[in-house]
Amino acid sequence: ADVHTPIVFLWDSQVAGRQAEGLYGTSTALGRLLRGIQIALQQLTPEDVGHLHVPAHCGHLYNEVADTLAKQAHAKRPACPDQGLLLQCSFTLVC
């Protein structure tokens with residue numbers, strides 16, 4: 001049986017999200033990267049690629065993980081966020 005898994009970009013930056021969707025121009029390297037990922041996914045999968053704005057700093061699990069990884073990358077520390085948070089994310093993805 002075919003298994004269909006929806007693909008949804010969650011983003012707290014409206015500019016970045018709209019660049020990925022192709023609604024805003026991609027004048028920056030990040031904008032071009034995001035748009036490229038969107039296009040590649042559309043070519044590689046029959047699934048629709050969705051987009052959802054998630055308000056920043058509101059306790060959304062995946063947004064908190066992304067913020068933690070971004071802060072560690074900016075501080076040039078190894079990317080190893082709270083293990084409990086990652087386990088919770090993994091469990092959520094499987095369920």
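Residues numbered from 1 in each chain as written. Predicted model: local features only at pLDDT ≥ 70, side-chain atom pairs only at ≥ 80, totals over all residues. Heavy atoms only, no water.

Let us look at helix 1 (residues 14-21). Residues Ala 16, Gly 17, Gln 19 and Ala 20 constitute the buried set of helix 1. Buried residues in helix 1, looked at end-on, bunch into an arc of 160°, giving them a common side. In this structure, the buried side of helix 1 is in contact with strand 1 (7-11), helix 2 (29-44) and strand 2 (49-53). In the stretch just after helix 1, Gly 22 is the one whose phi turns positive, near 90°. (Buried < 20%, exposed > 50% of the residue type's maximum accessible area, 1.4 Å probe, protein only. Helix = DSSP H or I, 4+ residues; strand = E, 2+ residues; numbered from the N terminus. Arc of directions from axis to C-beta. Contact = heavy atoms within 4.5 Å.)

Along the chain, Asn 63 falls in helix 3 (residues 61-74). Residue Asn 63 is classed as buried on the basis of its relative accessible area of 9%. Sequence-distant contacts of Asn 63, defined by excluding residues within four places in its chain, comprise Asp 12, Val 54, Ala 56 and His 57.

A separate point is the packing of helix 1 against helix 2. Remark: helix 1 packs on helix 2, axes separated minimally by 7 Å, with the N-to-C direction vectors making an angle of 45°. Classed by the angle they form, the pair helix 1 and helix 2 counts as oblique. Of the two possible hands of crossing, helix 1 and helix 2 adopt the one that is right-handed. Contacts between helix 1 and helix 2 involve Ala 16, Gln 19, Ala 20 and Glu 21 from the first element and Gly 31, Leu 34, Arg 35 and Gln 38 from the second. (Axes fitted to C-alpha atoms, helices over the stretch in contact; angles between N-to-C directions. Parallel < 35°, antiparallel > 145°, perpendicular 65-115°, else oblique. Left-handed = near helix turned anticlockwise from the far one by under 90°.)

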